[in-house]
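Per-entry structural report
The lines below spell out each chain.
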Amino acid sequence: WYSDPNSNYGITIQANNESANGGVFYSKDCYSQCNNGAYHPRLQVTYHVDTIAPTGNITAPAEGVKIGPGQVSIMANASDDAGGVGVQSVKFKVLYDGQWHDIATDTTAPYEINWTTPAGLHSQQIRFAIDVTDNASNVTPNAGGQRTVNFIESQGNPSVVEKWVPTSK
């Protein structure tokens, strides 16, 4: 209800074991005829606050692979703790030309997006990262760390002369 007030349809109160005839609820003023007050109504509310941040990691592309101009499929896993409220979203980000850029946000598993490399992007190392948010608004920035790949401008285009080529370790 907190995150979506429009879903507030009220509360139903029912007995643990209701027959087809319904149940009987006694007021707090029912003493002598109600077994000396043994049947006073009681409402127990249990409220859980999720303060544990979700987790996640990028599963594709693989670390250190070479990619070229075009589309890159980026995939990730994300989960919330066992007592948590579930994953709300996974935001995909990419670092190129010295700046972070938001790519897209996915709200359903499996978490994946297709990113088209920008026109005119020159060869360089590119980093991908994800931010995972759960339904309690807990956020894990750069969940699982970053994934580094080598963008090769000339890949698939032999007319491009490379000015940068990654070194192998």
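Residues numbered from 1 in each chain as written. Predicted model: local features only at pLDDT ≥ 70, side-chain atom pairs only at ≥ 80, totals over all residues. Heavy atoms only, no water.

A few words on the confidence of the model for the chain. Interpretation of the predicted coordinates at a detailed level should be avoided for regions scoring low in pLDDT. Put simply, the chain has an average pLDDT of 84, and 73% of its residues get 70 or more. Per-element averaging of pLDDT across the chain places strand S2 (residues 66-67) at the bottom with 94 and strand S5 (residues 99-106) at the top with 98. (pLDDT = per-residue confidence, 0-100. Helix = DSSP H or I, 4+ residues; strand = E, 2+ residues; numbered from the N terminus.)

This part is about the pairing of strand S9 (residues 147-151). Buried residues dominate S9, accounting for five of its five residues. Of the two faces of S9, the one carrying Arg-147, Val-149 and Phe-151 and the one carrying Thr-148 and Asn-150 are both buried. Relative to S9, S2 runs parallel, the two sharing two bridges. Within S9, the residue paired with Ile-67 across the bridge is Phe-151. Pairing of strand S7 (residues 124-134) with S9 involves five bridges; the strand directions are antiparallel. From the neighbouring strand, Phe-128 faces S9, where its bridge partner is Arg-147. (Buried < 20%, exposed > 50% of the residue type's maximum accessible area, 1.4 Å probe, protein only. Pairing = 2+ DSSP bridges.)

With antiparallel pairing, three strands are arranged side by side in an open sheet as S1-S3-S6. Each edge of the sheet is formed by a strand with only one pairing partner; in this case those strands are strand S1 (55-60) and strand S6 (111-116). Direction aside, neighbouring strands of the sheet carry axes that sit 25° apart on average. By the bridge criterion, six bridges tie strand S3 (residues 71-79) to S6 in an arrangement that is antiparallel. Note that in S6 the partner of Val-72 across the bridge is Trp-115. (Axes fitted to C-alpha atoms, helices over the stretch in contact; angles between N-to-C directions.)

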